[in-house]
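The residues making up each chain are set out below.
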Amino acid sequence: MIDSNLFGIAFLAAIMLIGAVTIGLILARLYQRASKDRAFVRTGLGGQKVVMDGGAVCLPVFHELIWVNMNTLKLEVHRSGADSLFTKDRMRVDVIVAFFVRCIPTVEGIANAAQTLGTRTLDPEALKELVEDKFVDALRAASVSMTMQELLDKRQDFIQGVQNAVAEDLMKNGLELESVSLTRFDQTAKQFFNADNAFDAEGLTGLTEATQRRTKERNEIEQNTQVAIAQKNFEATQQKLDIEKNQRFATLVQHQDIASREAEQQAQVATTQAQRKREAEQARIDAERQVKEAEVLRDQAVRQKQIDSERTIQVATIEQQRTTEIAGQEKAIMVARKSEEQSQAEARANEARAENVKAEQLVITAGAVAEAQRKKEVELVEAQREAQKQAIAITVAAEAEKDAAQNHALAVTTRAAANLRNYEVEAEGQKRINEARNTLSTTVIDFDLTKERLRTIPQALSETVRPLEKIGDVKIIDLGGGLSGRAGGGNGIATGPVGGPMDGLLGSLLAYRANAPVIDRLLAEAGFDSGSNPLQALISATHSSAKNSSAAHAELPGPARLDQAQAEIHGALHEWTEALGNGHDEKPVTALYDNDATLLATLDPKPLETPAEIAAYFHKLTQNPELKATVQSEKIDLFGDSAVASGLYTFSYRKDGQLVELPARYTFVYRKTPHGWTIVRYHSSALPATH
């Protein structure tokens, strides 16, 4: 019956497992996930649901999905030739403008994009076809407010005007304009001006007037340049002739002066040569005298040095001989001393090895003696038990034969009735027990098994180690032949017959050492630490489990730890604002970011994913000495070793002599490291304009 119940339970469990796997496969097939570059809007059963991060189950009949591209899209608008733009002075200009747009990463923005654009966000050409007219209208409005020269000189104002004109219209479609780039700007060719068109006629007149005036001015400049060149050539030729004449006159005067000075110089040279000759002769005589004096002094010095050197060599030789003899004597003394120490050490080692061999032989002998004694006692007990069994069997058999005839009939009848009642009661009880067990959970069954194990293990261990409770320590000491009273050899190992008074104690000790590993192994298999008292080990294990359970509950994070972590995140956010405004140095603020950090910055269109890109971005920001970030609101969420801080703040900086304030929103993702909280993700964007 139990087997059939178990089979039924296993069959139901298999059916439930197959059903769960089938449902899981269906849900996995119907589950749609959003990503960083694509979100989707689900409509139908349950209403509209926008999914940016995560996923949702989409049923084929009840739901419809509209995917929305979250990447930045580049939409180029070309206006040239007959479609070129008019300027304030009625001139035509050819432009190529690149618009960088993306879907607003909010629930409302994605919903608007899905509703107004549909799947066009996935196809840049289709999206451009839809919104190009808005871009063209903004370009015309911005260009007609500036002259062609102003457009060339103030390109940034033109771009800003286009951004202001088109940003609001794009927001209605769930799009936001990141930036606008004017990649090409030039005057339209004259052939595209229509003389029959009032605007073109006015622009053509201005263009003709400007070109003709420039032609006239260019001709005047060329003619004046030619006249100036001829006049300059004439003046240069005249000055060249004057210079040649003056140069010739100067050459003649120079020759005359040179001849006069040469005569004077020759007379001075002759006088000087005679004087120098007399001085040279006197110097030669003095030099020879000094050389002879130096040779005499040198010979004296050499002889003195030879004498000093010979004396020094003799002293050094004597000192070296004395040192060598002393070193030889000290070496001999040390060798003798080391030899003596080595001899003593070898003697001690030999004695230790002899003692070790002696102890090992004693243990072997004691084990053999204990084994023989144990076999003898076992055989004696077995013989006594066999004799008693035979005597009891004869007595019991005689009494049983005497009473068997009288009680046989009554015993048979009573036993049959009792067995019948017992079988009925046991069957009913077992039935109810089985029903009760079938209703128990796996956790309760495991608990009952553990409780029964804990109930029986102490009794078994207590009976096993009862003879060892009084033994605290065991040591084997070699007492020669006095341990068992037997005759022994000179080495102290017993060799006589069994029968000494200490044999029983020796056997108990050896049995204890033989059984100790078995007890330790039994405790280890039961899950308790081994020790001198198995009951104490069981109690200690129970107390240890209770302490561990209490410690586990004590380690749960409490409100105090949460408050401390929130205070640390608040301090880290304050440290970031202080580091940003320190002035002309990006290192304090970049040091707060993790090496794997990613930034979606306010003033940069692309993600910053390397330390070099992050450092370059903050280097550009910190060049403004009055840059400051003021936090208006903050919300801190903790997720273990991670935290998210989000809210609103305002950037303030100086531009063109005026203080500019830029409201923005921020999201910091922190990760706990051994050195504190570091920033791993940072997103900041300007607040949308309010209406």
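Residues numbered from 1 in each chain as written. Predicted model: local features only at pLDDT ≥ 70, side-chain atom pairs only at ≥ 80, totals over all residues. Heavy atoms only, no water.

1. With respect to the overall build of the protein chain
Tallying secondary structure elements over the protein chain gives 12 helices and 14 strands in all. Counting over 691 residues, the protein chain shows a buried share of 22%. When contacts within the protein chain are restricted to residue pairs at least 6 apart in sequence, long-range pairs at least 24 apart make up 59% of them. As displayed, the protein chain offers around 48,700 Å² of accessible surface, 56% of which is attributable to carbon and sulfur atoms. (Helix = DSSP H or I, 4+ residues; strand = E, 2+ residues; numbered from the N terminus. Buried < 20%, exposed > 50% of the residue type's maximum accessible area, 1.4 Å probe, protein only. Contact = heavy atoms within 4.5 Å. Areas by Shrake-Rupley, 256 points an atom, 1.4 Å probe, with all protein chains shown as cover.)

2. Some words on the packing of helix α3 (residues 124-143) against helix α5 (residues 155-172)
Between α3 and α5, whose axes approach to 9 Å, the crossing angle comes to 145°. The hand of the α3/α5 crossing is right-handed. Residue-level inspection shows K134, F135, A138, L139, A142 and S143 of α3 in contact with α5, the latter providing F158, G161, V162, A165, V166, D169 and L170. Its residues placed into classes, the contact of α3 with α5 shows 9 nonpolar, 2 polar and 2 charged. (Axes fitted to C-alpha atoms, helices over the stretch in contact; angles between N-to-C directions. Left-handed = near helix turned anticlockwise from the far one by under 90°. Nonpolar A, V, L, I, M, F, W, Y, C, P; charged D, E, K, R; others polar.)

3. Quick look at a nonpolar patch on the surface
On the surface, F7, F11, L12 and I15 cluster together into a nonpolar patch covering about 460 Å² of accessible area. With respect to the helices and strands, the residue F7 is situated in helix α1 (residues 2-30). F7 sits in the exposed class, given a relative accessible area of 61%. (Patch = residues over 30% accessible without salt bridge, like charges linked within 9 Å, V, L, I, M, F, W, Y side chains within 5 Å. Salt bridge = Lys/Arg side-chain N within 4 Å of Asp/Glu carboxyl O.)

4. Overview of α5
An ideal rise of 1.5 Å per residue puts 26 Å on 18 residues; α5 measures up with 27 Å between its terminal C-alpha atoms. When α5 is considered as a whole, its buried residues turn out to be F158, I159, V162, Q163, V166 and L170. Lining the buried residues of α5 we find β8 (92-103), α3, α4 (148-153) and β9 (175-187). G174 sits one or two positions beyond α5 and adopts a positive phi of about 80°. (Expected span 1.5 Å × (residues − 1).)

5. Topic: the sheet that holds strand β11 (residues 628-639)
Strand order in this open sheet of 5 strands is β10-β14-β13-β12-β11, and the pairing throughout is mixed. At either margin of the open sheet sits one strand with a lone partner, and together these are β10 (593-600) and β11. Recorded for the sheet is a direction-independent mean angle of 20° between the axes of neighbouring strands. Here β10 pairs with strand β14 (residues 676-686) via 4 bridges, running parallel. Residue pairing for β14: Y593 is matched across the bridge by I679. (Pairing = 2+ DSSP bridges.)

6. Comments concerning the nonpolar core
Counting 40 residues, the largest nonpolar core has F99, I110, F135, L139, F158 and V162 as its most contacted members. Contributing elements (two or more residues each) for this core: β2 (38-44), β5 (63-69), β6 (73-79), β8, α2 (107-116), α3, α5 and β9. Per element, the largest residue contribution to this core is 7 residues, and it comes from α3. With residues up to four places along the chain from it excluded, the contact list for F158 reads L139, A142, S143, M146, L151 and L182. One finds W576, L592, A601 and I636 within the second-largest nonpolar core, a separate group that totals 31 residues. (Core = buried A, V, L, I, M, F, W, Y, C linked by side-chain atoms within 4.5 Å.)

7. Let's talk about α3
Bending of α3 peaks at approximately 50° at the position of V131. Looking only at α3, the buried set comprises A126, L127, K128, V131, F135, V136, A138, L139, A142 and S143. (Bend = angle between axes of the 7 residues up to and from the residue.)

8. With respect to the confidence of the model for the protein chain
On average, residues of the protein chain score 76 in pLDDT, and 73% of them reach the 70 mark or higher. In the predicted structure, residues 474-502 sits below a pLDDT of 50 and forms 37 contacts with residues beyond four places in sequence or in another chain. (pLDDT = per-residue confidence, 0-100.)

9. Thoughts on the packing of aromatic side chains
Here the structure, examined in full by the defined rule, presents 13 aromatic pairs. Judged by centre distance (5.3 Å) and plane angle (75°), the ring pair of Y617 and F618 falls under edge-to-face. Judged by its relative accessible area of 8%, Y617 is buried. Aromatic side chains Y649 and Y666 sit 4.8 Å apart centroid to centroid with 45° between the ring planes, which places their arrangement in the tilted category. Placement of Y649 in strand β12 (residues 642-655) and of Y666 in strand β13 (residues 658-673) is noted, with a sequence separation of 17 residues between them. Over the aromatic face of W67 sits the side chain of R38, whose NZ or CZ is 4.3 Å from the ring centroid. (Phe/Tyr/Trp six-rings, centres within 6.5 Å; stacked < 30°, edge-to-face > 60°. Lys NZ or Arg CZ within 6 Å of the ring centre and 35° of its normal.)

10. So, the pattern of salt bridges
In the structure shown here, the tally under the stated rule is 11 salt bridges. For R289, the salt bridge goes to E293, with nearest N and O atoms at 3.5 Å. Of the two residues, R289 and E293 both sit in helix α6 (residues 198-439), 4 residues apart, roughly one turn of that helix. We classify R289 as partly exposed; its relative accessible area is 45%. Here K606 makes a salt bridge to D604, at a shortest N to O gap of 3.6 Å. The exposure class assigned to K606 is partly exposed, which follows from its relative accessible area of 46%. Through salt bridges with shared partners, a single ionic network connects R102, E176 and E178.

11. Overview of the side chain of T650
Note that T650 resides in strand β12. Here Q632 takes part through its side chain, which lies 3.0 Å from a polar atom of the side chain of T650. In this structure T650 touches K628, A629, T630, Q632, E661, L662 and P663, once residues within four positions along its chain are discounted. (Polar contact = N/O pair within 3.5 Å; in protein donor to acceptor, adjacent residues only side chain to side chain.)

12. Side note on the sheet that holds β5
Strands sit in the order β3-β2-β5 across an open sheet of 3 strands; the sheet is antiparallel. The open sheet has two free edges, formed respectively by β3 (49-51) and β5, since each of these has just one partner strand. For this sheet, the mean angle separating the axes of adjacent strands, direction not counted, is 20°. Strand direction decides the pairing type here: β2 and β5, joined by 7 bridges, are antiparallel.

13. Examining the environment of V95
You can see V95 is positioned in strand β8. Sequence spacing of V95 and T183 is 88 residues, and the spatial spacing of their C-alpha atoms is 7.6 Å. What V95 contacts, discounting residues up to four positions off in sequence, is V77, H78, R79, L85, L182, R184 and F185.

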